[in-house]
Amino acid sequence: QVQLVESGGGLVQAGESLRLSCAASGGTFRFHTMGWYRQTPGGQRDLVARITSSDYVNYADSVKGRFTISRDNTKTTIFLQMNNLKPEDTAVYYCNAHHTVSTVDHWGQGTQVTVSS
């Protein structure tokens, strides 16, 4: 059973930084694309950044140049370094593991990021 556990959210002021972590367990993750999504109340869950098993990365236009996604050598923990945070970055951030063969998606429980102006 794949499990994803996020940590690192919190309340910061605009311009500050946060680092989110997502620890994955219950699988090898060799065939998973891992990513971060975010969702605001009443909104849809949107892609923030993702990283493939071969370390290809892509970002939403709104976070390019400010956010960086990475993973550790075991490929079971991913990080999202968020710099120069803006109030519009306020959302619940979810970790996602997408199996590229079966297309099954797994989600973490989410972590709240709040940026005050």
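Reference entry: report on the structure contained in this document. Everything quoted here is computed from the prediction, not taken from an experiment.

Rules used throughout
Residues numbered from 1 in each chain as written. Predicted model: local features only at pLDDT ≥ 70, side-chain atom pairs only at ≥ 80, totals over all residues. Heavy atoms only, no water. Disulfide = S-S within 2.5 Å. Helix = DSSP H or I, 4+ residues; strand = E, 2+ residues; numbered from the N terminus. Buried < 20%, exposed > 50% of the residue type's maximum accessible area, 1.4 Å probe, protein only. Core = buried A, V, L, I, M, F, W, Y, C linked by side-chain atoms within 4.5 Å. Contact = heavy atoms within 4.5 Å. Pairing = 2+ DSSP bridges. Axes fitted to C-alpha atoms, helices over the stretch in contact; angles between N-to-C directions.

### What about the state of the cysteines?
Then, in step 1: Per the stated rule, a full pass over the model turns up one disulfide.
Then, in step 2: Between the sulfur atoms of Cys22 and its disulfide mate Cys95 the distance is 2.0 Å. In this structure, the disulfide formed by Cys22 and Cys95 twists by about -80 degrees around the S-S bond and is classed as left-handed. Here Cys22, found in strand β3 (residues 18–25), pairs with Cys95, found in strand β9 (residues 91–99); they are 73 residues apart in sequence, far enough to count as distant. As far as burial versus exposure is concerned, Cys22 and Cys95 are alike and both buried.

### Some remarks on unusual backbone geometry
Then, in step 1: Phi at Asp55 is positive, roughly 70 degrees, even though this residue is not glycine.
Then, in step 2: If you trace the backbone, Asp55 turns up in the loop between β5 (46–51) and β6 (57–59).
Then, in step 3: One non-glycine residue, Asn84, lies in the positive phi region at around 45 degrees.
Then, in step 4: Mapped onto the secondary structure, Asn84 falls in the loop between β8 (77–82) and β9.

### Comments concerning the nonpolar core
Here is a general trend for soluble globular proteins: nonpolar side chains tend to be buried in one another's company.
Then, in step 1: One finds Met34, Trp36, Leu80, Met82 and Tyr93 to be the most contacted residues of the largest nonpolar core, which totals 28 residues.
Then, in step 2: Where this core is concerned, the elements lending two or more residues are β3, β4 (32–39), β5, β7 (67–71), β8, β9 and β11 (111–116).
Then, in step 3: Discounting chain neighbours no more than four positions away, the residues touching Tyr93 are Glu6, Leu20, Trp36, Tyr37, Arg38, Val48, Phe67, Leu80, Met82, Gly110, Thr111 and Val113.

### Looking at the sheet that holds β7
Then, in step 1: Here four strands make up an open sheet; going across it, the order is β1-β3-β8-β7 and the pairing antiparallel. Only two strands of the sheet have a single neighbouring strand rather than two, namely β1 (3–7) and β7. Between one strand axis and the next, the sheet turns through 15 degrees on average, direction left out of account.
Then, in step 2: Bridge count between β7 and β8: five bridges; the pairing is antiparallel.

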